[in-house]
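# Breakdown of the fold
Given next are the chains, with one letter for each unit.
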Amino acid sequence: MADGYIVDSLESKYQASRRAAVWLQDRLKELRTQASTAERAVADFKAKNNIVDAGGRLLTEQQLAEINSSLTQARGQRAEAQAKLERITSILNADDNDAKVILNDLATVTDTMNNPVITKLRQTYLDYAAREADWSNRYGPTHLAVVNLRNQMREIRHSITEELRRTAEVYKSDLAIAKAREESSQKSLNDTIALSNGTSQAQIVLRDLDSNAQSARALSDNFLQLYMVSVQQQSFPITESRVITQASNAPNKTSPKTMLILLATLIGGTILAGLVAVLLDMMDRVFRTVSQVEQLLHTSCLASIPAIGSEQSVGVAGHSLMSRAARRFNRRPKRPQPLAAKPAPSVATAGLPLRKSELGSNHPQPHRDRLLKANDSVGRYVINAPFSRFSEGFRSIKLATDLSSYGSSNKVIGITSGLPNEGKSTISEALAQTVAQAGSRTLLIDGDIRNPSLTARLAPSAQVGLIDVVVGRVDWKDAVWIDPQTNLHFLPCVVTSRFSNSSDVLASPQMERLFQHLREHYDRIVLDLSPLAPVIDVRATGALADSYVLVIEWAKAKVDIVERVLNETPIVRERLLGAVLNKVNMAVMSRYDIYSASYYRNRYYKRYGYVD
């Protein structure tokens, strides 16, 4: 069967080559006739229109280039002759008695310096001039010898002038010759251009005829090559198939090699996945680990605050977590009491900042409407769930502020962030609650004048606040709100309209005096500030805050933005106490920090009472 296929293939190729050779031979005769006719038409058109080629260029084009070059040279010679004539004419029109003509202007004419007569006369004139000056000094300007020298000098100037006039006549002759040559070249150029324009019109038709002739000749040559190939294939046909070995049944499958393909696919997929992972890691320019914060910002990471659900921030959830923590220590949890039933009126209603030792003293009682009741706030989670990782993080921040206070005054802590919605207000509230719960006289101030979100959360019904205290409308004691559970004092910021000069208010002397007064009444002041990037208010708090804490939202805060805002705010960088990673997903965070993965696993902290 294979031999029959090969014989049939050879026969079919032979027949096809023979038919192609016959057709190509007939077609080749027609193409040769067409090429000859086209070439003859080109030659006849050139003879009819007097078109002569010389070295690949038309004769008129060569003449035009030569005449144009001659015209340019003639114009240059004419301009040179005219300049020489004008210069020597200006010298002749000058005053003959002026010595500058002999000493200076004469040297500017080239031909005069090459003229031996003028050169000799000029040298003699210079000698007489030097002698005349010497004799005038010796014998006086009216001496007979001096007068004779002057007359001789006048005769020399007259001789030089006559010689210059003869040179001017030569320049006039040269100028006339140059003008005649230029006019002749211009006329020849105009005639050649007129002839070239007529030839250019004929060249359009000539190029069309020449293109047709070249196309016909090229097509004829191609068909000639195809005809020769066809004749060779017809005389000695070659088959593309041959029998190498007789077919036999293979014991095993030889193709495709499944194991090799699977192995190559596995290796290729692994490499591709690694490259994609590296690319995603390079594009992921956000803060994800504590070590990343410390390396990039060159500051300490005070705490990693985990993200908590909305159901964990309410009081009921807090009591549930406290109950679970109490059971771990085999203690009976106290039954949660409503806020109205807590017997601490003196703490909740103190008009001034009180220590726990002062709870029984008699102080002015504030209005009942200025009691904080934001039990569902996230910041209350440190009170409702004291054994949570959330609360432990704020105790870490408090300890850092306490240690930084040794040896220096560090009462006012400014809380800020790079961008809005990173949780700085929540951090401020929770930190203030933690410090107040420890027994310190604590004041929380909403210093974000542009967007007082802390006031909207804790004291939405406040009528007066920080701005009213600064301008002197009310006393600061009449604007402070009190948390009845922790004795935290809160100074809201009430803004009735948009505030454009908030930085001026924060940098005003009245604001500085207010903070100096507050430092005398409180142990710790937590100042919630605006973000660094959108507004410049934080830059105006250099006289208010002793140190700053930067809040960074985990997995969302861009590294470039945080570094830029810190560089633009040197007061924050110089007094930066540390940074806080907020809204951290502890389970996901352990994946990025493989060396400290076990640190984030809560199961190691159960024996210490952690319940989250």
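Everything quoted here is computed from the prediction, not taken from an experiment.

This next bit is on the nonpolar core. Judged by nonpolar contacts, the single largest core of 49 residues is most densely connected at F287, I445, M511, I552 and L581. For F287, the contacting residues outside a window of four places in its chain are Q292, V293, L296, L297, I552, W554, A555, A557, K558, V559, V562 and L581. Among the nonpolar cores identified, the runner-up in size contains 34 residues, and Y381, V382, L444 and L454 belong to it.

This part covers the sheet that holds strand β10 (residues 576-584). For sheets, the rule is that strands pair by backbone hydrogen bonds, running either parallel or antiparallel. Pairing is mixed across the open sheet formed by eight strands, whose spatial order is β3-β10-β9-β4-β8-β5-β7-β6. What marks the edges here is a single partner per strand, and that holds for β3 (301-306) and β6 (481-482). Pairing geometry for strand β4 (residues 412-417) and strand β9 (residues 547-553), over five bridges, is parallel. Within the sheet, the bridge partner assigned to S417 lies in β9 and is V551. Seen against the sheet, helix α8 (residues 290-297) touches β3, β9 and β10 and runs at an angle of roughly 145 degrees to β3.

Take helix α5 (residues 116-139) next. Taking 1.5 Å per residue as the helical rise, α5 with its 24 residues ought to reach 34 Å, and the 34 Å between its terminal C-alpha atoms agrees with that figure. Taken together, the buried positions of α5 are I118, R122, Y125, Y128, E132 and S136. Just downstream of α5 lies G140, where phi reads positive at about 100 degrees.

What follows covers the pattern of salt bridges. The final tally for this structure, using the stated rule, is 22 salt bridges. Close ionic contact of D402 with K398 constitutes a salt bridge, the shortest N to O distance being 2.7 Å. Here the residue D402 and the residue K398 both occupy positions in helix α12 (residues 389-404), the gap between them amounting to four residues, near one helical turn. Put simply, K424 and D528 hold a salt bridge, and the shortest N to O gap is 3.3 Å. Taken as a pair, K424 in helix α13 (residues 424-437) and D528 in strand β8 (residues 524-528) lie far apart in primary sequence, 104 residues in all. For K424, a relative accessible area of 7% translates into the label buried. D528 sits in the buried class, given a relative accessible area of 0%.

Glancing now at the packing of α8 against helix α18 (residues 559-568). It is the contact of α8 with α18, at a shortest axis distance of 11 Å, that shows an interaxial angle of 40 degrees. The angle between the axes of α8 and α18 places the two elements in the oblique class. Taken as a pair, α8 and α18 cross one another with a handedness that is right-handed. On α18, the residues that touch Q292, L296 and L297 of α8 are V559, V562, E563 and L566. Its residues assigned to classes, the contact of α8 with α18 shows five nonpolar, one polar and one charged.

Take the confidence of the model for the protein chain next. Across the protein chain, the average pLDDT comes to 79, with 76% of residues at 70 or higher. When the criterion is pLDDT under 50, residues 310-365 qualifies, and its contacts beyond four places in sequence or with other chains add up to 79 contacts.

Our focus in this paragraph is the pairing of β9. Of all seven residues in β9, seven are buried; the element is thus mostly enclosed. Residues of β9 alternate between two faces, with S547, V549, V551 and E553 on one and Y548, L550 and I552 on the opposite face, all of them buried. Pairing between β9 and β10: six bridges, direction parallel. Directly across from E553, in β10, lies its bridge partner N582.

Once that is clear, we can look at helix α17 (residues 509-521). Here α17 spans 19 Å end to end across 13 residues, near enough to the 18 Å set by a 1.5 Å rise per residue. Here α17 has its buried residues at M511, L514, F515, L518, R519 and H521. Down the axis of α17, the smallest arc covering the buried residues is 155 degrees, so these residues share one side. Residues of α17 that are buried in the fold lie against β4, β5 (442-446), α15 (466-471), α16 (502-506) and β8.

Time to look at unusual backbone geometry. Despite not being glycine, H298 has its phi angle at roughly 55 degrees, a positive value. Assessed through its relative accessible area of 66%, H298 is described here as exposed. For K583, which is not glycine, the phi torsion reads 60 degrees and is therefore positive. Tracing the chain through its elements places K583 in strand β10.

Here the focus is the packing of α12 against α13. For the pair α12 and α13, interaxial distance at closest approach is 9 Å and the crossing angle is 75 degrees. Our classification of the angle between α12 and α13 gives roughly perpendicular. Here α12 contributes F390, F394, R395, I397 and K398 to the contact with α13, which in turn contributes I427, A430, L431, T434 and V435. Along the lines of polarity and charge, the residues of the contact of α12 with α13 split into seven nonpolar, one polar and two charged.

Let us look at the side chain of S220. Tracing the sequence through the fold places S220 in helix α6 (residues 144-235). For S220, a relative accessible area of 3% translates into the label buried. Excluding its chain neighbours within four sequence positions, the residues that come into contact with S220 are L28, L31 and R32.

A grouping of L272, V276, L279, L280 and M283 is seen on the molecular surface, where their side chains present a nonpolar patch of about 510 Å² in accessible area. With respect to the secondary-structure elements, L272 resides in helix α7 (residues 258-283).

Our next topic: the environment of Q485. Relative to the elements of secondary structure, Q485 occurs in the loop between β6 and β7 (489-491). A relative accessible area of 30% places Q485 in the partly exposed class. Residues Q485 and Q437 lie 48 residues apart in sequence; the distance between their C-alpha atoms is 8.5 Å. A distance of 2.2 Å separates a polar atom in the side chain of Q485 from a polar atom in the side chain of R380.

Okay, the packing of aromatic side chains next. Enumeration over the complete set of coordinates arrives at three aromatic pairs. Ring centres of W476 and Y522 lie 6.0 Å apart, and the angle between their planes is 65 degrees; this geometry places the pair in the edge-to-face category. With W476 in the loop between α15 and β6 and Y522 in the loop between α17 and β8, this pair connects stretches of sequence that are 46 residues apart. By relative accessible area, which is 1% here, Y522 ends up buried. Within the aromatic cluster, the residues linked to one another by ring pairs are Y381, F390 and F394. Over the face of the ring belonging to W554 we find R288, whose NZ or CZ atom lies 5.8 Å from the ring centre.

Checked against the element boundaries, L444 lands in strand β5. A relative accessible area of 0% means that L444 is categorised as buried. Note: C-alpha distance between L444 and L431 (13 residues apart in sequence) is 9.2 Å. If near-sequence neighbours (up to four positions away) are discounted, L444 is found in contact with S428, E429, A432, L454, L458, L488, H489, F490, L491 and V526.

Rules used throughout
Sequence order as written defines residue numbering, which begins from 1 separately in each chain. Given that this is a predicted model, residues contribute local features only at a pLDDT of at least 70 and side-chain atom pairs are listed and counted only at 80 or more, while totals for whole chains, interfaces and linings are drawn from all residues. Each side-chain value is derived from all of the structure's non-hydrogen atoms; neither hydrogens nor water enter the calculation. By nonpolar core we mean a set of buried residues, namely Ala, Val, Leu, Ile, Met, Phe, Trp, Tyr and Cys, connected to one another through side-chain atoms within 4.5 Å. Burial classes: relative accessible area under 20% of the type maximum marks a residue as buried, over 50% as exposed, and values in between as partly exposed (1.4 Å probe, protein chains only). It only takes one pair of heavy atoms within 4.5 Å for two residues to be counted as in contact. Only strands joined by at least two bridges in the DSSP assignment are considered to pair. Here a strand is any run of E in DSSP of at least two residues, a helix any run of H or I of at least four, and the numbering for each starts at the N terminus. Lines fitted to C-alpha atoms define the axes here, with helix axes fitted over just the stretch in contact, and angles between the N-to-C directions of these axes take values from 0 to 180 degrees. A helix is expected to span 1.5 Å for every residue after the first. In what follows, salt bridge is the name for a side-chain nitrogen of Lys or Arg lying within 4 Å of a carboxyl oxygen of Asp or Glu. When describing relative orientation, an angle under 35 degrees is termed roughly parallel and one over 145 degrees roughly antiparallel, while 65 to 115 degrees is termed roughly perpendicular and anything else oblique. Put simply, a crossing is left-handed when the front helix is turned counterclockwise from the back one by less than a right angle, and right-handed when it is turned clockwise. In the scheme used here, Gly and all other residues not listed as nonpolar or charged are polar, with Ala, Val, Leu, Ile, Met, Phe, Trp, Tyr, Cys and Pro taken as nonpolar and Asp, Glu, Lys and Arg as charged. The predictor reports its confidence for every residue as pLDDT, a score running from 0 up to 100. The directions considered for the arc are those from the helix axis to the C-beta atoms. Here, patches come from residues exposed beyond 30% relative accessible area and free of salt bridges, joined within 9 Å for like charges and within 5 Å for nonpolar side chains (Val, Leu, Ile, Met, Phe, Trp, Tyr). Working definition of accessibility: Shrake-Rupley area with a 1.4 Å probe, residue cover restricted to the visible protein chains. For this analysis, a polar contact is any N or O atom pair within 3.5 Å, provided that within protein one partner can donate a hydrogen and the other can accept it, and provided that sequence-adjacent residues contribute only side-chain to side-chain pairs. A pair of Phe, Tyr and Trp rings is counted when the ring centres sit within 6.5 Å of each other, with Trp represented by its six-membered ring. The angle between the planes then sorts it: under 30 degrees is stacked, over 60 is edge-to-face, the rest tilted. Consider the ring centre and the ring normal. A charge sits over the ring if Lys NZ or Arg CZ is within 6 Å of that centre and within 35 degrees of that normal.

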